[in-house]
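Structural overview for review
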Amino acid sequence: MKYAFVIGSSAFIVQGKTISYGEEGNWKHFLRINSVSQGGPGPNASHLEIDLDIKDIDGTRVTILANKPVTGAPYSIITESDSIKILRLDGTTIIHVHQLDNDSAMSLEHNIVAEFEVHAPVVVIRISGEFFVDKLHIRAENEKLMINDNGYATSALAGKNDLKFTAEGVIL
C-alpha cells in the first residue's frame, strides 16, 4: 500500500505508513497511520486512526495512541472519520492529520497530481500545524513546509520506504 503525505505544498509518496525522525540506524516514529477511513455509514466503517508523539511549540509532549491521549497535557483532540486535529486549549492547531478524498487530492498542484498518477498512492494524508519532533521544528502550512531552516515548496517526491526527517532534511 502506498501513502502520499502532503505536508505544506509538498507531497512525499512512500510505501510505509509512518513518518520517522533521527539519523541512520536510529529512527523513531512520530506519526503512524494505523487505519484509514473507508467511508460509508455504519459501525463497521473504518476511520482514520493514528499514533503520534510530538511536542507543541511550548515543549509540552503530545502523545496519542489510537486517537486517544496518553499524556494529560493541556490539549484537545477533535476526530472525524477522516481527520484528527490536536488543538491547544486556546484553540490554535498543534497538528492536523487529514485524509483527503479523491477529488481534493486530484485538485492539488499539477506536479503533485502527476506524481499521484504515476505512483498511484492508495491514500493521501495532509498534515499541517507547527510542532517539534525531538529538536526538529516543523511548520507545515498550505504554501510551505519548514524543517528547522530548510524549506520545501511545491515538490513531489517518491520513495520506497517510510518518510524520514533529519536535521539535514527529508529522506525517502
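If you're wondering where the values come from, they're calculated on a predicted model, not measured in any experiment.

**Notes on the packing of aromatic side chains**
This structure, assessed with the given rule, holds four aromatic pairs. Considering the side-chain rings of Tyr-21 and Phe-30, the 6.4 Å spacing of their centres and the 50° angle between planes classify their relative orientation as tilted. This pair shows no difference in class: Tyr-21 is buried, exactly as Phe-30 is. On the numbers, 6.2 Å between centres and 50° between planes, the contact of Phe-30 with Phe-131 is tilted. With a gap of 101 residues between them, Phe-30 in strand S4 (residues 26–35) and Phe-131 in strand S11 (residues 123–133) connect regions that are remote in the sequence.

**Considerations on empty space enclosed by the protein**
Taken as a whole and judged by the stated rule, the model has one cavity of 30 Å³ or more. Approximately 30 Å³ is the volume attributed to the largest cavity. Of the residues in the lining of the largest cavity, the class split is seven nonpolar, no polar and no charged.

**Examining helix H2 (residues 110–119)**
Listed as buried for H2 are Ile-112, Val-113 and Phe-116. An end-on view of H2 places all buried positions within 100° of arc, on one side of the element. Facing away from the buried surface of H2 by more than 90 degrees, the exposed residues are His-110, Glu-117 and Val-118. Along its buried surface, H2 packs onto strand S1 (3–7), strand S2 (10–14), helix H1 (102–105), S11 and strand S15 (156–158).

**A short note on the pattern of salt bridges**
A full pass over the atoms with the stated rule returns one salt bridge. In this structure, the salt-bridge partner of Asp-53 is Arg-61, at a minimum N-O distance of 2.6 Å. The exposure class assigned to Arg-61 is partly exposed, which follows from its relative accessible area of 44%.

**Some points on the nonpolar core**
Formed by 37 residues in total, the largest nonpolar core has its most connected members in Phe-5, Ile-7 and Phe-30. Per-element tally for this core: the top contributor is S11, with five residues. Look past the residues within four positions of Phe-30 in its chain and what remains in contact with it is Ile-19, Ser-20, Tyr-21, Asp-51, Leu-52, Asp-53, Ile-54, Phe-131, Val-133, Ile-138 and Phe-165. If you look at the next biggest cluster of nonpolar residues, it comprises twelve residues, including Ala-4, Leu-108, Phe-116 and Ala-156.

**Re the pairing of strand S5 (residues 49–55)**
Of the two faces of S5, the one lined by Ile-50, Leu-52 and Ile-54 is fully buried and the one lined by Glu-49, Asp-51, Asp-53 and Lys-55 carries no buried residue. Bridging between S4 and S5 involves four bridges; their strand directions are antiparallel. Counted as the bridge partner of Ser-35 is Glu-49 from S5. When S5 meets strand S6 (residues 61–65), the two strands line up antiparallel, connected through four bridges. Bridge pairing in S6 links Ile-54 to Val-62. If you look at the hairpin formed by S5 and S6, you'll find five residues sitting between the two strands, and Gly-59 has a positive phi there, around 90°.

Reading the values: the criteria
Residues numbered from 1 in each chain as written. Predicted model: local features only at pLDDT ≥ 70, side-chain atom pairs only at ≥ 80, totals over all residues. Heavy atoms only, no water. Phe/Tyr/Trp six-rings, centres within 6.5 Å; stacked < 30°, edge-to-face > 60°. Buried < 20%, exposed > 50% of the residue type's maximum accessible area, 1.4 Å probe, protein only. Helix = DSSP H or I, 4+ residues; strand = E, 2+ residues; numbered from the N terminus. 1 Å grid on protein atoms, 1.4 Å probe; cavity = no way out; pocket = protein on both sides within 12 Å on 5 of 7 lines; lining within 4 Å. Points joined across faces, edges and corners; volume = space filled by probe spheres on them. Nonpolar A, V, L, I, M, F, W, Y, C, P; charged D, E, K, R; others polar. Arc of directions from axis to C-beta. Contact = heavy atoms within 4.5 Å. Salt bridge = Lys/Arg side-chain N within 4 Å of Asp/Glu carboxyl O. Core = buried A, V, L, I, M, F, W, Y, C linked by side-chain atoms within 4.5 Å. Pairing = 2+ DSSP bridges.

Interpretation in functional terms is not warranted from these geometric data alone.
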